[in-house]
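Descriptive structure summary
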Amino acid sequence: MDTVLKEWIGRVHDAVETQQTLCIRGGGSKDFYGGNPAGPVLDTTAYRGIVAYEPTELVVVARAGTPLAELEALLAEKGQCLPFEPPHFGAGRATVGGMVAAGLSGPRRAAVGAVRDYVLGVKLIDGKGEWLSFGGQVMKNVAGYDVPRLMAGSLGTLGVVAEVALKVLPVPVAERTLRFALGEAEALKKLNAWGGQPLPIAASAWHDGALTVRLMGARAAVDAAQAALGGEPVADAAAFWQGVRDQTHAFFAGDGPLWRLSVASVTPPLGIPGPTLIEWGGALRWLRGDQGAEQVRSAAARAGGHATLFRGGDAIKASAGVFHPLSPALLRIHANLKRAFDPHGVFNRGRMYPDF
Amino acid sequence: MAFANDVRFTVDQRSILARLQAVLPPDALLSAEEDMRPYECDGLTAYRALPLLVALPQTEAQVQAVLRACHELKVPVVPRGAATGLSGGAMPHEDGVVLSLARFKKILKIDPLSRTALVQPGVRNLAVSEAAAPYGLYYAPDPSSQIACTIGGNVAENSGGVHCLKYGLTVHNVLKVRGFTVEGEAVEFGADALDAPGLDLLALINGSEGLLAVITEVTVKLTPKPELAQVVLAYFDDVQKAGNAVADVIAAGIIPGGLEMMDKAATHAVEPYVKAGYDLDAEAVLLCESDGTPAEVAEEIERMKMVLEKSGATSLVVSQSEAERLRFWAGRKAAFPAVGRITPDYLCMDGTIPRKRLAEMLEAIGDLSVKYGLRCANVFHAGDGNLHPLIMYDANQPGEVERATAFGAEILELSVQLGGTITGEHGVGVEKIDVMAAQFTPAEISAFHRLKAAFDEKGLLNPGKGIPTLARCREYTLTRAQTGSAAAITPPRF
Ligand SMILES: Cc1cc2nc3c(=O)[nH]c(=O)nc-3n(C[C@H](O)[C@H](O)[C@H](O)COP(=O)(O)OP(=O)(O)OC[C@H]3O[C@@H](n4cnc5c(N)ncnc54)[C@H](O)[C@@H]3O)c2cc1C
């Protein structure tokens, strides 16, 4: 076993013995996200590198500390990509392990799936310092429970993810971005109507009277869709989508609270005052402003979803928490799962829900 | 065959009967042996067991009441859909109650605007697509059993289909699951949104084989029907060339709508049954589908033909009409029952391996067929590397079951050695419970048990299935070490 892993296992054992907690950290690009975990840092960046990459198998295996940018550059060389376009948030710091633990996906999510849909296997160290491997490198695998997907978005609360196997896909041959002048309600209607047609819509973003739509696929399909939809072609599209993905778009500027509402795509405008940016065909709504947590969370719940205090708002964070409260039944299962993987409560205490 | 379930319970049949009689109408509770016979197995007919009782609730309140009673009296519960499962997942527990969801048959809502369907778990897979068809939508995962299998069973097995290479497995197409914990508490996993707060429990419920919760409602994603789909039949004079062609297609950057393979034994079984029009002289056939706009399909079919020709296809046939396309697929989808017609019994394997090892695996299966003196037809979800070797045997011939089982175990162990898994979509159930030890270490198996306990502390939901007890693992490892199988001793790593 690699010496870095041995050291990590040692640290987990020490933490258990001394009743300490550990705070798992990759590049720190998402330090802002979630609660503030206590305890000394277990830095994953020393454990880096691509373990295996076989373009013909559509699979890449990487160590947790591998910079996301490095992985993406390698895939790009072979005309492949992580289709869910994980956000980096900050130049060059994001790691593969952090990407899986945060479970965040970018503009193409509604069309191609999320991080969890591409995680095929994980190797991890649990809260007793055990080295465990789940899943594998094949597309279909139902032996045992789907622990690899469970790790996506678990925010390091269940274990130290040391290695992940990811499904990758070819970069679509053609891409085009179109813009339409539309109000919020009208844009939502259009997006949902288009969603029911076999159009190669890969991403969408509505903000301030403009709906931007990205087409990706075979050239013939993209041409046909453009002819059917109309709209104005956008020139600097790559920069635009990256700005949405990494929240460098002007909408995200400033320090006020930023809410992330994940709702049913057909939900009409939420009617909560404040600037909004809508992605994922209507299923993701970013909201800026000082609205009360109660107002935002109940609006999200009525729309079949949930609201996360994504950035800022320290006072709200302290009083209402970052993540949407769980039902009692779910909360109990969460607590039990935490105990199943991390019985001594070593990892990332307080990062997701206050008690674990 | 009886399955030696090593997780047993001491249950007083009369008390549980009385408790269930109090909460279910008379026609929703079976206790006479002749009434329960039809429930003694699922699609894996080699293993059978009679339950204590069969409950057929029709409402969530009844499901809840049954679960509460069983939980209180510590009675095992085995959820059951259409029982088309091929790993014994729905086979009864001798000390327990079968909880059939067969009466949960309603499609509650088809919402064309949000492209979702809200259905009860006993709704058949194909019925969802049929109900969505008027809106130009369908439910993408299409297991070959789709006329019979239920959505609840699909979720519990994370079932795949012939189109999941491009459109994903069940787990990729389910938004929300409503169900009950073993204690009878209502619970929702997932959301009407694309994600839910907290841990991704929806991912765990998919493929949980009825061990974590009882599913009573499912919201699935519907997909717009492509304008056009066409399938290329590519024939090969050598199975290994066909296996390599699969990797070549993917390497060319093509993700076909479906990429399936059958060998000669399979096409010969299928043709008299379905009359799909396959060329019976070929050693193997690939079905490679393209879908999209007409222009897109035309372009892609040309690329596919070029790759397949280069890989050594002896002839290529492209479907010329929707009827012909469906006929070509009908042959593939009927492969299991077709083989069932030419042999008294068969075992269906389900290993998955990296695509590039297909040719190697095919050669090994050929050798094993000779070694065990049993015929084997091969049907593959080739694009996903998911293999369904169908091992033919006759349970009435002494020793044949054992030979078939050993043949199957060798294929599964080899799947693991080649970097794959023992099951791609049919689940572990009782069938592959021992071979789990070839894929997971005792520490990993223990982690699975702890995960199960997080949902079901007393271990009452489908006990003895899916995850082997550590005692079973030890026994397996010892036996296989004695018979000289390497896979049993070296757990695989990816
Ligand atoms: C001819 C044939 C072809 C097949 N082709 C395919 C294929 O292409 N792809 C594929 O993936 N599978 C295939 N299968 C296997 C099988 O059809 C699938 O596993 C299917 O999903 C099982 O559904 P079912 O309703 O029959 O479930 P069952 O067999 O009744 O149950 C399967 C498992 O799910 C659990 N379960 C069922 N309902 C519930 C519920 N409501 N709540 C909780 N747990 C529940 C059961 O306990 C059991 O463990 C095939 C089977 C046959 C016979």
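Remember, it's a predicted structure, so these values are computed and weren't measured experimentally.

1. A word on the overall build of chain A
When helices and strands are counted, chain A shows 12 helices and 17 strands. The C-alpha atoms of chain A give a radius of gyration of 21 Å, which matches the 21 Å a tight globule of 356 residues would have. C-alpha extents for chain A along the principal axes are approximately 65 × 50 × 35 Å. Here chain A holds 356 residues, and the buried ones make up 61% of them. In chain A, 67% of the contacts between residues at least 6 apart in sequence involve partners at least 24 apart. About 12,500 Å² of surface is accessible on chain A, with carbon and sulfur atoms providing 52% of the total. Separation of charge centres in chain A, based on 35 positive and 32 negative side chains, amounts to 4 Å.

2. A short note on unusual backbone geometry
Residue and element names in this part refer to chain A. One non-glycine residue, Trp280, lies in positive phi territory at about 55 degrees. Mapped onto the fold, Trp280 is located in the loop between strand 15 (276–279) and strand 16 (284–288). Given the relative accessible area of 4%, Trp280 is considered buried.

3. Focus: the sheet that holds strand 17 (residues 306–311) of chain A
All names here are of chain A. The eight strands are arranged 13-10-12-11-15-16-14-17 in an open sheet whose pairing can be described as antiparallel. With partners counted over all chains shown, the strands left at the sheet margins are strand 13 (232–233) and strand 17, one partner each. One ladder, built from four bridges, connects strand 15 with strand 16; its direction is antiparallel. Counted as the bridge partner of Leu277 is Trp286 from strand 16. Against the sheet, helix 9 (residues 237–245) contacts strand 10 (174–181), strand 11 (201–207), strand 12 (210–217) and strand 15, and its axis sits at roughly 70 degrees relative to strand 11.

4. Here we look at helix 10 (residues 294–310) of chain B
Relative to the 24 Å expected for 17 residues at 1.5 Å per residue, helix 10 of chain B spans 24 Å between its end C-alpha atoms, a close match to the ideal helical length. Buried within helix 10 of chain B are the following residues: Glu296, Val297, Glu300, Ile301, Met304, Val307 and Leu308 of chain B. With its buried residues spanning 130 degrees around the axis, helix 10 of chain B presents them on a single face. Opposite the buried face of helix 10 of chain B, at more than 90 degrees from it, the exposed residues are Met306, Glu309 and Lys310 of chain B. Considering only its buried residues, helix 10 of chain B is in contact with helix 8 (219–229) of chain A together with strand 12 (228–236), helix 8 (239–251), strand 14 (284–292) and strand 15 (315–318) of chain B. Positive backbone phi, at 105 degrees, marks Gly312 of chain B, one or two positions downstream of helix 10 of chain B.

5. A look at the sheet that holds strand 2 (residues 53–55) of chain B
What holds strands together in a sheet is hydrogen bonding between their backbones, with the strands either parallel or antiparallel. Residue and element names in this part refer to chain B. One open sheet accounts for four strands, arranged 1-2-4-3; its pairing is mixed. A strand with exactly one partner marks an edge of an open sheet, and here the two such strands are strand 1 (29–30) and strand 3 (77–80). Alignment of strand 2 against strand 4 (residues 97–100), held across three bridges, turns out to be parallel. Residue pairing for strand 4: Leu53 is matched across the bridge by Val97. Sheet strands in contact with helix 1 (residues 13–23) are strand 1, strand 2 and strand 4, and its direction is about 20 degrees off that of strand 2. Of the strands in this sheet, strand 2, strand 3 and strand 4 are in contact with helix 3 (residues 60–73), which crosses strand 4 at around 165 degrees.

6. A look at the environment of Lys74 of chain B
Residue and element names in this part refer to chain B. With respect to the element layout, Lys74 can be found in the loop between helix 3 and strand 3. For the pair Lys74 and Asp291, spaced 217 residues apart in the sequence, the C-alpha separation amounts to 51 Å. Other than its neighbours up to four places away in sequence, Lys74 contacts Phe9, Val11, Lys458 and Leu460.

7. Section: the pairing of strand 14 of chain B
Residues and elements named next belong to chain B. Burial of strand 14 is extensive: nine of the nine residues sit out of reach of the surface. Burial along strand 14 is two-sided: the residues Ala284, Leu286, Cys288, Ser290 and Gly292 and Val285, Leu287, Glu289 and Asp291 are all buried. Relative to strand 14, strand 12 runs antiparallel, the two being bridged by nine bridges. Pairing of Phe236 across the sheet is with Ala284, part of strand 14.

8. Side note on the confidence of the model for chain B
Residue and element names in this part refer to chain B. Looking at chain B, the pLDDT average stands at 95 and 98% of residues meet or exceed 70. Scored below 50 in pLDDT, residues 486–494 shows 29 contacts in the model against residues more than four places distant or in partner chains. Reported confidences for the modelled complex are a pTM of 0.97 and an ipTM of 0.97.

9. A look at the interface of chain B and chain A
Taken together, the contact between chain B and chain A spans 82 residues of the former and 78 residues of the latter. When the two sides are added together, the surface that chain B and chain A hide from each other amounts to roughly 6,400 Å², 62% of it contributed by carbon and sulfur. Applying the counting rule to chain B against chain A returns seven salt bridges. Note that Arg260 of chain A is salt-bridged to Asp195 of chain B, the shortest N-O span being 2.7 Å. Among the secondary structure elements, those contributing two or more residues to the side of chain B that touches chain A are helix 6 (164–167), strand 9 (186–190), helix 7 (201–205), helix 8, helix 10, helix 15 (436–439) and helix 16 (442–455) of chain B. At nine residues, helix 16 of chain B tops the list of elements feeding residues into the side of chain B that touches chain A.

10. Regarding the environment of Tyr139 of chain B
Residues and elements named next belong to chain B. Tracing the backbone through its elements, the reader meets Tyr139 in the loop between strand 7 (137–138) and helix 5 (151–157). Given the relative accessible area of 1%, Tyr139 is considered buried. Tyr139 has contacts with Asn125, Val128, Ser129, Ile151, Thr170, Asn173, Val174, Val220, Lys221 and Leu222, leaving out every residue within four places of it along the chain.

11. Describing the site of the ligand
Residue and element names in this part refer to chain B. In the vicinity of the ligand there are 35 residues, among which Pro79, Gly81, Thr84, Ser145 and Thr150 approach most closely. Between the ligand and the protein, one listed contact pairs an oxygen atom with a backbone N or O atom of Gly153 at 3.4 Å. Between Asn462 and the ligand, the recorded distance is 3.5 Å, taken from a side-chain N or O atom to an oxygen atom. Here the ligand has 970 Å² of accessible area as a free molecule, and 96% of this is covered by the chains. Contributing elements (two or more residues each) for the shell around the ligand: strand 3, helix 5, strand 10 (214–221) and helix 12 (335–342). Examining the composition of the shell around the ligand, we find that five residues originate from one element, helix 5, more than from any other.

12. Here we look at the domain arrangement of chain A
Residues and elements named next belong to chain A. When the domains of chain A are assigned, the result is domain 1 (3–170 + 335–341) and domain 2 (174–319). The distance between the C-alpha centroids of domain 1 and domain 2 comes to 27 Å. Taken residue by residue, the interface counts 19 residues in domain 1 and 15 residues in domain 2. In this assembly, domain 1 packs against domain 2 so that about 1,400 Å² is buried in total across both faces, 61% of it on carbon and sulfur atoms. Counting the surface domain 1 buries against domain 2, the share from its top three residues, Phe32, Phe89 and Pro107, is 39%. Inspection of the region where domain 1 meets domain 2 yields one salt bridge. With a shortest N-O distance of 2.7 Å, Arg214 and Glu85 are connected by a salt bridge. Seen at the junction of domain 1 and domain 2, the total is six residue pairs in polar contact (both at pLDDT 80 or more). Sorting elements by how many residues they give to the side of domain 1 that touches domain 2 places helix 4 (residues 109–112) first, with three residues. Grouping the amino acids of the side of domain 1 that touches domain 2 by side-chain chemistry returns nine nonpolar, six polar and four charged.

13. Section: helix 10 (residues 293–302) of chain A
Residues and elements named next belong to chain A. Taken together, the buried positions of helix 10 are Ala293, Val296, Arg297, Ala299 and Ala300. On an axial view of helix 10, the arc spanned by its buried residues comes to 160 degrees, and they lie on one face. In helix 10, the exposed residues that point more than 90 degrees away from the buried face are Glu294 and Arg302. For helix 10, the elements touching its buried residues are strand 14 (258–262), strand 16, strand 17 and helix 11 (314–320). At the exit of helix 10 stands Gly304, carrying a positive phi of roughly 75 degrees.

Conventions used here
Starting from 1, residues in each chain are numbered consecutively following that chain's sequence as written. Labels follow written order: the first chain is A, the first ligand is 1, and so on. Predicted model: local features are reported for residues with pLDDT of at least 70 only, side-chain atom pairs are reported and counted for 80 or more only, and whole-chain, interface and lining totals are derived from all residues. Only heavy atoms go into the side-chain values, all of them from the structure, while hydrogens and water stay out. What counts as a helix is a DSSP run of H or I of at least four residues, what counts as a strand is a run of E of at least two, and both are numbered from the N terminus. Based on C-alpha atoms, the radius of gyration is set beside the globule rule, defined as 2.2 Å times the residue count to the power 0.38. Type-normalised accessible area, obtained with a 1.4 Å probe on protein chains alone, sets the label of each residue: buried when under 20%, exposed when over 50%, and partly exposed for intermediate values. Two residues form a contact once any of their heavy atoms are found within 4.5 Å. Note on areas: Shrake-Rupley, 1.4 Å probe, and residue coverage restricted to the protein chains presented here. Two residue types count as positive, namely Lys and Arg, and two as negative, namely Asp and Glu; His and chain ends fall outside the count. One atom stands in for each charge, and that atom is NZ of Lys, CZ of Arg, CG of Asp or CD of Glu. Two strands pair under a simple rule: DSSP has to find at least two bridges between them. Angles here are taken between N-to-C directions and fall from 0 to 180 degrees, while the axes themselves are lines fitted to C-alpha atoms, restricted in helices to the stretch in contact. Working rule for helices: expected span equals 1.5 Å times residues minus one. To obtain the arc, one takes the directions from the helix axis to the C-beta atoms. Scored between 0 and 100, pLDDT is the confidence that the predictor attaches to each residue. By definition, the buried area sums, over both parts, the 1.4 Å-probe accessible area that each loses when the two are put together. Basic side-chain nitrogens of Lys or Arg form a salt bridge, by our definition, when they fall within 4 Å of a carboxyl oxygen of Asp or Glu. If even one non-hydrogen atom of a residue comes within 4 Å of a molecule or strand, that residue is called near it. Under the rule applied, a polar contact is a pair of N or O atoms within 3.5 Å (in protein, one hydrogen donor and one hydrogen acceptor; residues adjacent in sequence only if both atoms are side-chain atoms). What marks off one domain from the next here is an automatic or database domain assignment. As a working rule, the residues Ala, Val, Leu, Ile, Met, Phe, Trp, Tyr, Cys and Pro are called nonpolar, Asp, Glu, Lys and Arg charged, and the rest polar, with Gly in that last group.

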